[in-house]
Amino acid sequence: MKNKLKKNALWGLIPILCLIAAYYFLVFAPHQKAVDSFNNIAQKVKKQNNILEDKIKTANQLLSNKDKPLDENLSSELKNEITSAEKAKRKISKIKKSTSDINKQVEALKKPLDYTTEIKKLDDLNQKYSTSVKQLKQITNPSSSFIESRLKEIDTITGVQSATEDNDPNKGLNKQGSYTASVYFTDSLVTDTIEGKDIVTKGTDAGGNIEVYKTVEDAQKRNEYLSAFDGLPAMLNPGSHYVYGTIIIRTSGRLTATQQNDLTQKIYQKLIEIKEGDTSET
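What counts as what
- Residues numbered from 1 in each chain as written.
- Predicted model: local features only at pLDDT ≥ 70, side-chain atom pairs only at ≥ 80, totals over all residues.
- Heavy atoms only, no water.
- Phe/Tyr/Trp six-rings, centres within 6.5 Å; stacked < 30°, edge-to-face > 60°.
- Helix = DSSP H or I, 4+ residues; strand = E, 2+ residues; numbered from the N terminus.
- Buried < 20%, exposed > 50% of the residue type's maximum accessible area, 1.4 Å probe, protein only.
- Pairing = 2+ DSSP bridges.
- Axes fitted to C-alpha atoms, helices over the stretch in contact; angles between N-to-C directions.
- Parallel < 35°, antiparallel > 145°, perpendicular 65-115°, else oblique.
- Left-handed = near helix turned anticlockwise from the far one by under 90°.
- Contact = heavy atoms within 4.5 Å.
- Expected span 1.5 Å × (residues − 1).
- Arc of directions from axis to C-beta.
- Salt bridge = Lys/Arg side-chain N within 4 Å of Asp/Glu carboxyl O.

*Asks:* When you look at the packing of aromatic side chains in this model, what are you seeing that I'm missing?
*Replies:* The relation between two aromatic rings is expressed through the spacing of the ring centres and the mutual angle of the planes. Going through the model one piece at a time under the given rule, you end up with 3 aromatic pairs. With a centroid separation of 6.1 Å and an interplanar angle of 85°, the aromatic rings of Y179 and Y213 are classed as edge-to-face. Of the two residues, Y179 is situated in the loop between β1 (157-162) and β2 (181-187) and Y213 in the loop between β3 (207-212) and α7 (216-227); the sequence distance between them amounts to 34 residues. Residues Y225 and F229 carry aromatic rings whose centres are separated by 5.2 Å and whose planes lie at 65° to one another, so their mutual orientation is edge-to-face. For Y225, a relative accessible area of 47% translates into the label partly exposed. What makes F229 partly exposed here is its relative accessible area of 27%.

Quick look at the structure:
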């Protein structure tokens, strides 16, 4: 009797075991496989996303910094590239509940993923932005020694001399709202004889002058004053004068318009040239 009962019990377990096996192989195992696949591919996508996100983070830090670039267009360019990179970033949605939905998520995440273009564009713009920030710093209230050193590198400039409070012809050095440095220079392009015991006393006519101000507003105010004398005879003509950062680059009225423009650009490019370990000593 006992053996019969045991036999019947064993036979009764077979359907239950079959159901358990069917559930495991047909439901649980496929679902777990889908979950594992999702987690694995999601982790790979996340790693690639992290690389892109680091570049985006660097770009956002540059934009949030108080130091601005010389090229104002770089700000909007960098913002646009950040937006493009964010759109390109593959989103990892929360895992679904059903096995079929999870498998669809896995297939979507498995699609080829390459951020090479986005990373290169961000790297290039981040570098350009950082360089442009340094360039603006170099023409924001730089020291007279920095101005002198850069002017001496220009082939046509034959001499430089900074004005002091004792010999400043305009008596404005270091006064409120006036220039913090004034560097005069002679240039071989000026062929007229200019009277004076030294470069400062010869003045702007002998080549030109770099005036340095604390703020852009001060530089622009001075530039507006100089503009009132534009077009006057040589004795009163201030020569060309352009504001860059907080400096005014002035060139002799004895030069032709083309010579003035070329010399101004040579000076400007020298002042914003980035050199390893160099400083404008602002």
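Moving on from the coordinates now.
*Asks:* Teacher, can you tell me more about the pairing of β2 here?
*Replies:* Taken residue by residue, a regular strand's side chains alternate between the two faces of the sheet. Counting buried positions along β2 yields 7 of 7 residues, so the element is predominantly enclosed. With burial as the criterion, each face of β2 is covered, one bearing A181, V183, F185 and D187 and the other bearing S182, Y184 and T186. Here β1 pairs with β2 via 5 bridges, running antiparallel. If you follow Q161 over to β2, its bridge partner there is Y184. As paired strands, β2 and β3 are joined by 6 bridges and run antiparallel to one another. Bridge pairing links S182 to E211 in β3.

*Asks:* Can you help me understand the packing of helix α2 (residues 73-88) against helix α4 (residues 116-138) in this one?
*Replies:* Packed helix pairs are specified by the crossing angle of their axes together with the interaxial distance, meaning the distance between the axes. Where α2 meets α4, the axes come as close as 10 Å, and the angle between the chain directions of the two elements is 155°. Relative to α4, the element α2 lies roughly antiparallel. Crossing of α2 over α4 shows left-handed handedness. Judged by residue contacts, L74, S75, E77, L78, E81, I82, A85 and A88 of α2 engage E118, K121, L122, L125, N126, K128, Y129 and S132 from α4.

*Asks:* Before we go on, may I ask you to explain helix α3 (residues 99-110) in this structure?
*Replies:* For α3, spanning 12 residues, the distance from its first C-alpha to its last is 16 Å, which sits close to the expected 16 Å at 1.5 Å a residue. Of the residues making up α3, those classed as buried are I102, Q105, V106 and L109. Each buried residue of α3 lies within a common arc of 100° when the element is viewed along its axis, so the set occupies one face.

*Asks:* I'm lost on the pattern of salt bridges in this one. Help?
*Replies:* Think of it this way: side chains of opposite charge can pair up when their charged atoms draw near. Summed over all chains, the structure comprises 14 salt bridges. K137 is paired through a salt bridge with D67; the nearest N and O atoms lie 3.3 Å apart. You can see K137 sitting in helix α4 and its partner D67 sitting in the loop between α1 (2-64) and α2, a full 70 residues away along the chain. The partly exposed category is assigned to K137, whose relative accessible area is 42%. Residue classification places D67 among the partly exposed residues on the basis of a relative accessible area of 23%. Its salt-bridge partner being D124, residue K120 comes within 2.9 Å of it at the nearest N-O pair. Placement of the pair is K120 and D124 together in helix α4, with a separation of 4 residues, close to one helical turn. The exposure class assigned to D124 is partly exposed, which follows from its relative accessible area of 35%.

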